Amino acid sequence: MWLLIAFIAVPIIEIALFIQIGGFLGLFPTLTVVVLTAIAGTYLVRAQGLSVLSQLQSRFREMNDPSEPLAHGAMILFSGALLLTPGFFTDIVGFLLLIPSVRAAVFQKVKERINIQKANFKSSFSSAQNVYEGEYEPVSNPENSPWANVSKPKD
């Protein structure tokens, strides 16, 4: 239901803002602002995306919970889509999602609403079990090998 409301409300808000801002600034300045916000947004999304990617890699390397950098990465990706969409309302929301403190607040709100369950598995399997030692000699001609006539086990 919320998604339907968003798909109806966002275009109406965008059209209203385009009419108001276009009437105030004029056609070409309004279009220039829209294009410049898309260019600036693309640059910011790339820079912050690389930063979050390095945070994610360090979390994996240190075997820590990667959920926060993953969520930040998803919000930056969504921000990039909003900034590339022509419009003032989507640009405002997109730029807000590029602010780390806003992303952290959104992450906390989402985290409060999600029930996380963890499972830990321990294996009693020792790596020393099922280890067979032996020696081998490379055979240059397998047909002359003493084992050439030994039947192989059936699967």
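Scroll up to find the structure.
Residues numbered from 1 in each chain as written. Predicted model: local features only at pLDDT ≥ 70, side-chain atom pairs only at ≥ 80, totals over all residues. Heavy atoms only, no water.

> Even after reading the chapter, I still don't get the environment of Leu 96, so can you show me in this structure?
One can find Leu 96 in helix α4 (residues 88-97). In the structure, Leu 96 is positioned 17 residues away from Ser 79 in sequence and 8.2 Å away in space, judged by C-alpha atoms. (Helix = DSSP H or I, 4+ residues; strand = E, 2+ residues; numbered from the N terminus.)

> Would you mind showing me how to read a nonpolar patch on the surface here?
A contiguous nonpolar patch, built from Met 1, Trp 2, Leu 4, Ile 5, Ile 8 and Ile 12 and spanning about 750 Å² of accessible area, is present on the exposed surface. Within the secondary structure, Met 1 sits in the segment before α1 (2-25). Accessibility expressed as a relative area gives 75% for Met 1, which makes it exposed. (Patch = residues over 30% accessible without salt bridge, like charges linked within 9 Å, V, L, I, M, F, W, Y side chains within 5 Å. Areas by Shrake-Rupley, 256 points an atom, 1.4 Å probe, with all protein chains shown as cover. Salt bridge = Lys/Arg side-chain N within 4 Å of Asp/Glu carboxyl O. Buried < 20%, exposed > 50% of the residue type's maximum accessible area, 1.4 Å probe, protein only.)

> Looking at this structure, I do not really get the side chain of Asp 91. What am I missing?
Within the secondary structure, Asp 91 sits in helix α4. Lacking a salt bridge, the buried Asp 91 has Arg 103 as its closest oppositely charged neighbour, with an N-O distance of 15 Å. Here the side chain of Asp 91 touches Thr 37 through a polar contact of 2.7 Å, side chain to side chain. Those residues in contact with Asp 91 that sit more than four places away from it in its chain are Thr 37, Leu 82, Leu 83 and Thr 85. (Lys, Arg positive; Asp, Glu negative; His and termini not counted. Polar contact = N/O pair within 3.5 Å; in protein donor to acceptor, adjacent residues only side chain to side chain. Contact = heavy atoms within 4.5 Å.)

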